[in-house]
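So you can see what is in the structure, the chains are spelled out below.
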Amino acid sequence: MTDITNVKDPVCGMDVDPHKSQHHTSVDGEDYHFCSAGCKRKFDADPHRYMHGGHAGHSGHGAEPAAMPARVKDLVCGMDVDPQATQHHSHFEGKDYHFCSAGCKQKFDAEPYTYIHGRHSGHAGHAQAAAGKPASTSYKGKWTCPMHPEIIRDKPGSCPKCGMDLEPMEASAESDQHEQQAYRALLLRFIVATVLSVPLIVVSMHHGLAMKLGMSGLWIQLALTTPVVFWSGAMFFSRGWASFANRSLNMWSLIMIGVSTAWLYSLYALLFPQTLPDNAFMGGLPSVYFESAAVISALVLLGQVLEARARASTGSAIRALLDLAPPSALRITEGGEQEVPLEEVQVGDRLRVRPGEKVPVDGEVREGSSSVDESMLSGEPLAVQKQPGELVSAGTVNGRGGLVIEATRVGSDTMLARIVSMVQQAQRSRAPLQNLADRVSAWFVPAVMAVAVLSYLVWWLYYQRIDLAIFCAIAVLIIACPCALGLATPMSVMVGMGRGAREGVLVSDAEALERMAAVDVLLVDKTGTLTEGRPAVRAVKLVDGVEEARLLRVAAALEAGSEHPLAQAVLDYCRERNIDSSGLQDFESVTGKGVRGRLGGEPVSLGNRRLMESQSIEGTELDDVAHGLQQSAHTVVYVASGGRLLGLLGITDPVREGAAEAIRALRADGLRIMLLTGDNSSTAQAVASQLGIDEVFAEVMPEDKHAKVTQLQQQGLSVAMAGDGINDAAALAQAEVGIAMGTGTDIAIQSSGITLVRGNLDGIIRARRLSRDIVGNIRQNLFLAFIYNSLGVPLAAGLLLPLTGHLLNPMVASAAMALSSVSVIGNALRLRSARSER
């Protein structure tokens, strides 16, 4: 071998140190070196493809081909790709793109703009992709707007189009820290605004105190208002200015105009009262709007604090999913076993998974057998027995047996990583609550400005009154200040959330309030949602002449030493009846069949029908009973002693109390109900039959649930998803409304907009009625707010002056503004006295 530092991996083109790499092969007398077992496996399968059509590497790897095909860059990982050899292509906006693997193609298809603009991660992307946690190199430090995904920035900020806060494109410690900091910063600004606004309202609204303080009171108002407007409300000005600069008028445009005009006019009135018309005074003092500017700022900040708190918690589900993968793996090498960071694990590595440990990557079992808890994928409480040749997934939990697996998928290709990716994409794609205020602002802002300009021109040009022209134009902008508008939605949401909490319905996302009332389809998980999620013995069937205590004594003794997931159900049943579980000898687990041993010198066994047949134990007299139990969603366990069948146990996950009545009520309310479960078809059909559910989709994986939600949405349907497990997280995040059982996993709760505290399905009925009440209340509030603005603006423009000889009195304007806010608050408080039917 020549003395060189690095050579090229002929498969992927990466630089490889031949002295350190453990992956080598020799063809036609030449040595080739690889970065991983995966690249070596590809080369061994078709060496001439890479010798004469791929990376030739160092001269020692063979002669360069006479006409090597042109190679292009994989935009995701940065590797060189032969467009003729690869099978992974995408066509986007009239151009073809080529990729080294299906994983890179999938990432590109999900976010093409991110990669087209040159943000690939280079070979480090594949290095990180080997990690047990999904690589975030392509998105790291990238922020996007959930309403305008084409907006991508290198740092957090506001969307230039709609003013919304940008959200991180990938969950990371850095993005989480930023979200938490943003929430705390907004909370501090809101607290300062509230603390200063309370005495400001007292000083401005208490007539006697205002008269006693005189001009000093106005200076106090200025001192209290200024930090609220220019420190607490600084974001209003930056977002409002951006809305004008980008010609995308929205609520921030209206807030900036109203707050700034109120403060500037009030300052002018305080400094130059002699220039104001006579009706601009009240009690000898110039009328000012300091309290309006401060209160509006505080109210809008309240809404932003609630939004920031929700946004800071949306990444919790993703971070919890990332934490399911262990930080390291036990790799088996020729020199022994070595614990390595997960990012160093590559396809083809052999890994040892000890009892009780999490599986680090997706792989194939090579040695050993054990039961593996796959509830994070299937949602089912029953662990799955794994033997050589069967597949295991990253994040699942090994039972009591030891396993040796060969890594088949790592990093972003694992099942766990794909669940994380689906949750991320679903959360980014969800539009925020777009209430009437946002939609109307697009025309209301220019309309207000047009009225202000028109009133100025009329009074100046027609009446030759420059003082009235300025006063009326400013009055229009102040009257348009969205005081009641700022209260309309937050008040209804807060009061409604409080009522929901009292009724066991926790709402974490205001969007869920709007969309729940309009849902067309409800997808329901089985285990933990329709059922209790805890297997229990529900039937004991005995052979004639056998006592139940004898059967349970044998079952308890055998299950006391078993790792099978149904063992706990049997033991719980026996303990309730004070059955002794000691005395078993020669315990043996028979893979895929059951357990056996000796009790009191007699052979005993417990397991499925195959175990009985392997021991020539007859049980035909109970076959019909067993079949009937299986048809009603029971798992049947046979118990034998001394070569003779004693009887059988029927174990099932019981349906939740009241589930059938809740399903009937939901269907009567117009909802289409579908059952989605990872359990087997016969069990799913049995549960669906009990509850009157006609549409059943069984044996589905997490991505299948997510795909079903997407499919229904593409049909124009509004979808709600109810679930309780990790496997439901992606579907819960994708659905218009995610509903989590309060008894379920934290990840499911964090991925949902609504949580049912008691975990009962009748909570969905209450949530649906609560949604209708809140949405109706918000619309009423917005109507009250806009009616005030619609009537107040023309009056402020001087409409009454030609008719009555008077302009709108500032005192009347202030009273009207206060009255509109009071009416909105009073209407929102009506939600407290309403009660959803139970």
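Bear in mind that the values here come from a model prediction, so they are computed numbers and not experimental data. (Residues numbered from 1 in each chain as written. Predicted model: local features only at pLDDT ≥ 70, side-chain atom pairs only at ≥ 80, totals over all residues. Heavy atoms only, no water.)

Draft legend 1. Region of interest: the environment of D728. Inspection of the secondary structure puts D728 in the loop between β33 (719–723) and α26 (729–734). Judged by relative accessible area, which is 0%, D728 ranks as buried. For the pair D728 and G738, spaced 10 residues apart in sequence, the C-alpha separation works out to 9.5 Å. Non-local contacts of D728, meaning those with residues more than four positions away in its chain, are made with D525, K705, M721 and G723. (Helix = DSSP H or I, 4+ residues; strand = E, 2+ residues; numbered from the N terminus. Buried < 20%, exposed > 50% of the residue type's maximum accessible area, 1.4 Å probe, protein only. Contact = heavy atoms within 4.5 Å.)

Draft legend 2. Quick peek at the packing of aromatic side chains. In this structure the tally under the stated criterion is 4 aromatic pairs. Pairing F230 with F237 gives two aromatic rings, centres 5.6 Å apart and planes at 10°, and the pair type is stacked. Given the relative accessible area of 41%, F230 is considered partly exposed. Here the aromatic rings of Y456 and W460 are separated by 5.7 Å at their centres, their planes lie at 50°, and the arrangement is tilted. You can see Y456 and its partner W460 sitting in helix α14 (residues 436–462), 4 residues apart, about one turn around the helix. We classify Y456 as partly exposed; its relative accessible area is 26%. Residue class for W460 comes out partly exposed when judged on its relative accessible area of 39%. Here the aromatic cluster, defined as three or more aromatic residues joined through ring pairs, consists of F230, F237 and W263. The aromatic ring of W231 is capped on one face by R189, whose charged end is 4.6 Å from the ring centroid. Sitting over the ring of Y638, R609 keeps its end group 5.6 Å from the ring centre. (Phe/Tyr/Trp six-rings, centres within 6.5 Å; stacked < 30°, edge-to-face > 60°. Lys NZ or Arg CZ within 6 Å of the ring centre and 35° of its normal.)

Draft legend 3. Quick look at the nonpolar core. Among the nonpolar cores identified, the biggest contains 57 residues, and F236, I255, L301 and V476 are the most heavily contacted of them. Of all the secondary structure elements, the ones that give two or more residues to this core are α6 (173–205), α8 (215–232), α9 (234–245), α10 (251–271), α11 (290–322), α14, α15 (466–479) and α28 (762–796). The contact partners of L301, leaving out residues within four places of it in the chain, are L186, R189, F190, A193, S232, M235 and F236. In this structure, L513, M516, A767 and I778 belong to the second largest nonpolar core, which totals 46 residues. (Core = buried A, V, L, I, M, F, W, Y, C linked by side-chain atoms within 4.5 Å.)

Draft legend 4. Representation of the pattern of salt bridges. One pass over the full model with this rule turns up 20 salt bridges. When the shortest N-O distance is used, the salt bridge between R553 and D580 registers 3.7 Å. Residue R553 is found in helix α19 (residues 548–559), and its partner D580 is found in the loop between α20 (567–576) and β26 (584–590); the two are separated by 27 residues along the sequence. Here R553 falls in the partly exposed class, since its relative accessible area comes to 24%. Using a relative accessible area of 40% as the deciding quantity, one classes D580 as partly exposed. The salt bridge involving D623 is made with R609; its shortest N-O contact spans 3.5 Å. Of the two residues, D623 is situated in helix α22 (residues 623–631) and R609 in helix α21 (residues 609–614); the sequence distance between them amounts to 14 residues. (Salt bridge = Lys/Arg side-chain N within 4 Å of Asp/Glu carboxyl O.)

Draft legend 5. Structural view of the sheet that holds strand β29 (residues 635–641). Overall, antiparallel pairing links the 6 strands, which are arranged β25-β30-β29-β28-β27-β26 in an open sheet. Looking at which strands have only one partner, the edges of the open sheet turn out to be β25 (536–542) and β26. Strand-to-strand twist in this sheet, taken as the mean axis angle between neighbours without regard to direction, amounts to 20°. Direction of pairing for strand β28 (residues 602–607) relative to β29: antiparallel, over a ladder of 4 bridges. If you follow V604 over to β29, its bridge partner there is S641. Set on the sheet, α19 makes contact with β25, β26, β27 (594–599), β28, β29 and β30 (644–652); between it and β30 the angle comes to about 70°. Here α22 sits on the sheet and contacts β25, β29 and β30; the angle it forms with β29, its principal contact strand, is near 150°. (Pairing = 2+ DSSP bridges. Axes fitted to C-alpha atoms, helices over the stretch in contact; angles between N-to-C directions.)

Draft legend 6. How the structure looks around empty space enclosed by the protein. Counting across every chain of the model gives 2 cavities of 30 Å³ or more. Taken as a whole, the second largest cavity spans an internal volume of roughly 30 Å³. At the level of elements, β23 (505–507), α17 (510–516) and α28 are the ones that each hand at least two residues to the lining of the second largest cavity. In terms of residue class, the lining of the second largest cavity is built from 8 nonpolar, 1 polar and no charged. (1 Å grid on protein atoms, 1.4 Å probe; cavity = no way out; pocket = protein on both sides within 12 Å on 5 of 7 lines; lining within 4 Å. Points joined across faces, edges and corners; volume = space filled by probe spheres on them. Nonpolar A, V, L, I, M, F, W, Y, C, P; charged D, E, K, R; others polar.)

Draft legend 7. Just the sheet that holds strand β18 (residues 370–373), in detail. Overall, antiparallel pairing links the 3 strands, which are arranged β19-β18-β21 in an open sheet. Here the strands that pair on one side only, and so sit at the sheet edges, are β19 (384–386) and β21 (397–398). Examined bridge by bridge, β18 and β21 share 2 bridges and lie antiparallel to one another. In the strand pairing of β21, D373 is matched with V397.

Draft legend 8. How the structure looks around helix α23 (residues 659–668). All of the buried residues along α23 are A659, A660, A662, I663 and L666. Looking straight down α23, one finds its buried side chains confined to an arc of 160°; they lie on one side. In this structure, α23 carries R664 and A668 as exposed residues pointing more than 90 degrees from its buried face. On the buried face of α23, the contacting elements are β24 (521–525), α18 (526–530), β31 (672–676), α24 (681–691) and α28. Note on α23: the residue one or two positions beyond its end, G670, has a positive phi of about 100°. (Arc of directions from axis to C-beta.)

Draft legend 9. Local environment of the environment of A85. Along the chain, A85 falls in the loop between β6 (80–81) and β7 (88–92). Linking A85 and C100, residues 15 residues apart in sequence, is a C-alpha distance of 9.5 Å.

Draft legend 10. Structural context of the confidence of the model for the chain. With 76% of its residues at a pLDDT of at least 70, the chain reaches an overall mean of 76. Ranking the elements of the chain by mean pLDDT puts helix α5 (residues 124–129) last, at 36, and strand β16 (residues 350–353) first, at 92. Predicted confidence is poor over residues 53–69, with pLDDT under 50, and the contacts of this stretch with residues over four places away or in other chains come to 36 contacts. Across residues 429–434 the pLDDT falls below 50, and counting only partners more than four positions away or on other chains, this stretch makes 21 contacts in the model. (pLDDT = per-residue confidence, 0-100.)

Draft legend 11. Broad picture of the side chain of K705. In this fold, K705 is placed in helix α25 (residues 702–714). In this structure the side chain of K705 is engaged in a polar contact, spanning 3.0 Å, whose partner is the side chain of D525. With residues up to four places along the chain from it excluded, the contact list for K705 reads D525, L676, T677, V700, M721, N727, D728 and A731. (Polar contact = N/O pair within 3.5 Å; in protein donor to acceptor, adjacent residues only side chain to side chain.)

Draft legend 12. Just the packing of α8 against α10, in detail. Their axes nearest at 11 Å, the elements α8 and α10 cross at an angle of 150°. In this view, α8 runs roughly antiparallel relative to α10, as classed from their interaxial angle. Relative to α10, α8 is oriented so that their crossing is left-handed. Facing M215, L218, W219, L222, T225, T226, V229 and F230 of α8, the residues of α10 in contact are V259, W263, L267, L270 and L271. Here the residues of the contact of α8 with α10 are counted per class, giving 11 nonpolar, 2 polar and no charged. (Parallel < 35°, antiparallel > 145°, perpendicular 65-115°, else oblique. Left-handed = near helix turned anticlockwise from the far one by under 90°.)

Draft legend 13. View of α10. With 21 residues, α10 extends 30 Å between its outermost C-alpha atoms, agreeing within 8% with the 30 Å of an ideal straight helix rising 1.5 Å per residue. Of all the 21 residues making up α10, 17 are buried; the element is thus mostly covered by neighbouring parts of the structure. (Expected span 1.5 Å × (residues − 1).)

Draft legend 14. Inspection of a nonpolar patch on the surface at higher detail. A contiguous nonpolar surface patch, about 460 Å² in accessible area, is contributed by M215, W219, Y268, L271 and F272. At the level of secondary structure, the elements contributing two or more residues to the nonpolar patch comprise α8 and α10. Within the element layout of this structure, M215 appears in helix α8. The exposure class assigned to M215 is partly exposed, which follows from its relative accessible area of 33%. (Patch = residues over 30% accessible without salt bridge, like charges linked within 9 Å, V, L, I, M, F, W, Y side chains within 5 Å. Areas by Shrake-Rupley, 256 points an atom, 1.4 Å probe, with all protein chains shown as cover.)

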